[in-house]
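Chain by chain, the residues:
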Amino acid sequence: MGQDRVGILLNSSMYRGIPQRKTGQESISNYEEAARANGFIPCFLRIGDMDTERNRSIAYVKSGYDYVRMTIPTPKVIHNRALYRDSSVHRKLRSLATQGIYIFNANNRYGKNIIHRLLQDDPQLRDYLPDTAEATPESLHNMMLKYEDLILKPVRGSVGHGIMRLQRDHLGWKLTHPAKARRGWITDRIGRDSLPAWLHRQFIQTPYLVQERIPLAEYESRPLDLRVTVQRGALGTWGITGMFIKIAPQSSFLSNISKGGCPYPVQLLTQCIPARLVPTALYHVEMLSLSIARYLSSRLPLLADLGIDIGLTLDGQPYFIECNGRDQRYGFRKAGLTDIWKETYQRPMDFARYLYDHNQSEMIESLSKTR
């Protein structure tokens, strides 16, 4: 078992930093430790170095203290931590799968519209979704008639890029959007029936969703939500690895850590909603997150590692915000939750061992069921 190899697929920029151990927020050492605990040799790959015809790949493998590039048989099981927009890459990943190579989280960037439509199909999950529509001038007008606070988010955006807020106050409507020339926000006054021309162009250039903004619980007047890491582990089933709170910076409505949001342990919730509601609210968040992961994995292939954002109202009611196929795990480390941070690397390697040791045809059939 000690010579079994597991692949970790990275984007080129992160891959190039491996020899100098400059891999940004991704911890290569955590992967090493988790892989060794499962009897694996971890092999760090990038898609351009994988030869589908000869079933060979060039990978970084640790040799003593250094990482060395070497040609190896393509590992039987690979955890995808890279993001790809090119459809040819996904064709290559599918080709590898037909050769008996199991790549989990192969597609980790589904559009927010796709995820919302899938969840909307489940009657048990529908009530946890904010009212949402694909953004057009007409749909935006209709949503402005129904709600006084809206979020506009790009279908394919990540880490909070491009998100805007449209809200009504005693003076009318105002649109808060990212400043292009500097970091921060710009707020423009607009009319309900006279949206800015640049916003019309934005909807044409980049598909957007318009969404009812849930009245989120706050900490010191700063809105918050929860990041819940949901992963498959040693038995192939979904479980909650951990969760933390993300609190928006002052004068912002976004809690994304990349946008200045601050991560905290969930114990802080007792200062944000009535303390007596916290145990029930957290249990509700866990059950909702597990239900979402199980349902999505019954509809989308090869899911195994998700970061789910859940909003909470002041009375502890959870709502689904969005789902991330490449969970930014470093929030646990920043929140001082080091053991859970390491566990977010351990679970995928446990799942890789599960995949490696089970008959693939039986395993794929069993994983396609809701669990």
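Okay, so let's go over this structure. The written sequence of each chain sets the order in which its residues are numbered from 1. Side-chain atom pairs in this predicted model are given and counted only at pLDDT of 80 or more, local residue features only at pLDDT of at least 70, and totals for whole chains, interfaces and linings cover all residues. Derived side-chain values reflect all non-hydrogen atoms in the structure, with water molecules and hydrogen atoms excluded from consideration.

Topic: the pairing of strand S16 (residues 238-247)
Buried residues are those whose accessible area, probed at 1.4 Å on protein chains only, stays under 20% of the maximum for their type, while exposed residues exceed 50% and partly exposed ones sit between those limits. Strands here are runs of E lasting at least two residues and helices are runs of H or I lasting at least four, both read from the DSSP assignment and numbered beginning at the N terminus. Taken across its 10 residues, S16 has 10 buried, putting it largely inside the fold. In this structure, strand S15 (residues 222-232) lies alongside S16, joined through 9 bridges in antiparallel fashion. Looking at the pairing, Val 230 lines up with Ile 240 of S16. The pairing criterion for strands is at least two bridges between them, as found by DSSP. Linking two consecutive strands that pair antiparallel, namely S15 and S16, is a turn of 5 residues; a positive phi of about 85° is found at Gly 236 within it.

Examining helix H8 (residues 278-299)
An ideal rise of 1.5 Å per residue puts 32 Å on 22 residues; H8 measures up with 32 Å between its terminal C-alpha atoms. Taken as a whole, H8 has its buried residues at Val 278, Ala 281, Leu 282, Val 285, Leu 288, Ser 289, Leu 290, Ile 292, Ala 293, Tyr 295, Leu 296 and Ser 297. A helix is expected to reach a length of 1.5 Å times the quantity of its residues less one.

A word on the nonpolar core
Definition of nonpolar core: a set of buried residues of the types Ala, Val, Leu, Ile, Met, Phe, Trp, Tyr and Cys, connected through side-chain atoms within 4.5 Å. Of all hydrophobic cores here, the largest spans 40 residues; its most connected members are Leu 119, Leu 269, Ile 292 and Leu 296. Of the residues forming this core, the biggest block, 10 residues, is contributed by H8. When neighbours within four sequence positions are excluded, Leu 119 is seen to be in contact with Leu 125, Arg 126, Leu 129, Ile 292, Tyr 295, Leu 296 and Phe 320. Phe 44, Tyr 102, Ala 335 and Tyr 345 belong to the second largest nonpolar core, which has 31 residues in total. Note on contacts: a residue pair qualifies if any of its non-hydrogen atoms lie within 4.5 Å across the two residues.

Things to note about the packing of aromatic side chains
Stacked, tilted and edge-to-face are the three classes assigned to paired rings of Phe, Tyr and Trp, where Trp is represented by its six-membered ring and a pair needs centres within 6.5 Å; plane angles under 30 degrees give stacked, over 60 edge-to-face, the rest tilted. Within this structure, the stated rule accounts for 12 aromatic pairs. Pairing Tyr 31 with Tyr 345 gives two aromatic rings, centres 5.0 Å apart and planes at 85°, and the pair type is edge-to-face. Separated by 314 residues along the polypeptide, Tyr 31 in helix H2 (residues 28-37) and Tyr 345 in helix H10 (residues 338-357) bring together distant segments of the chain. Accessibility classification places Tyr 31 together with Tyr 345 in one group, the buried group. Their ring planes at 75° and their centres at 6.1 Å tell us that Phe 44 and Tyr 67 sit as a pair that is edge-to-face. Here Phe 44, found in strand S2 (residues 40-45), pairs with Tyr 67, found in strand S5 (residues 66-73); they are 23 residues apart in sequence, far enough to count as distant. When sorted by exposure, Phe 44 lands in the same class as Tyr 67, which is buried.

Description of the sheet that holds strand S11 (residues 172-178)
Taking strand neighbours across the sheet as the criterion, the 6 strands line up as S8-S13-S9-S10-S11-S12 in an open arrangement whose pairing is antiparallel. The open sheet is flanked by strand S8 (132-134) and strand S12 (185-190), the only strands paired with a single partner. With strand direction ignored, the average angle separating the axes of adjacent strands in the sheet is 20°. Here strand S10 (residues 164-169) pairs with S11 via 5 bridges, running antiparallel. Across the sheet, the residue bridging to Gln 167 is Lys 174, located in S11. Axes here refer to lines fitted to C-alpha atoms; in helices the fit is confined to the stretch in contact. Angles between the N-to-C directions go from 0 to 180 degrees. Across the sheet, helix H7 (residues 197-205) is in contact with strand S9 (149-154), S10, S11 and strand S13 (208-212); its angle to S11 comes to roughly 55°.

Structural notes on the pattern of salt bridges
Throughout this description, the term salt bridge denotes a Lys or Arg side-chain nitrogen within 4 Å of a carboxyl oxygen of Asp or Glu. Taken as a whole and assessed by the stated rule, the structure comprises 24 salt bridges. In this structure, Asp 169 and Lys 174 form a salt bridge, with 3.9 Å as the shortest nitrogen-oxygen distance. A network of salt bridges, in which partner residues are shared, links Asp 225, Arg 227, Lys 246, Asp 309 and Asp 327.

Concerning the packing of helix H4 (residues 112-120) against H8
Relative orientation of the contacting elements H4 and H8 amounts to 105°, with a least axis distance of 10 Å. In terms of axis orientation, H4 runs roughly perpendicular to H8. Touching Ile 115, Leu 118 and Leu 119 of H4 are Ile 292, Tyr 295, Leu 296 and Arg 299, all from H8. Per-class residue counts for the contact of H4 with H8 are 6 nonpolar, no polar and 1 charged. Throughout this description, any angle smaller than 35 degrees is read as roughly parallel, any larger than 145 degrees as roughly antiparallel, any in the 65 to 115 degree range as roughly perpendicular, and the remainder as oblique. Charged residues are taken to be Asp, Glu, Lys and Arg, nonpolar residues to be Ala, Val, Leu, Ile, Met, Phe, Trp, Tyr, Cys and Pro, and polar residues to be all remaining types, Gly included.

Here's the deal with the packing of H2 against H10
Where H2 meets H10, the axes come as close as 8 Å, and the angle between the chain directions of the two elements is 45°. Here H2 is positioned oblique relative to H10, judged by the angle of their axes. Considering only the axes of H2 and H10, their crossing is right-handed. Every residue of H10 that contacts H2 at Asn 30, Tyr 31, Glu 33, Ala 34, Ala 35 and Ala 37 is listed here: Trp 341, Lys 342, Tyr 345, Gln 346 and Met 349. For a crossing to be left-handed, the near helix must be turned anticlockwise from the far one by less than a right angle; the clockwise case is right-handed.

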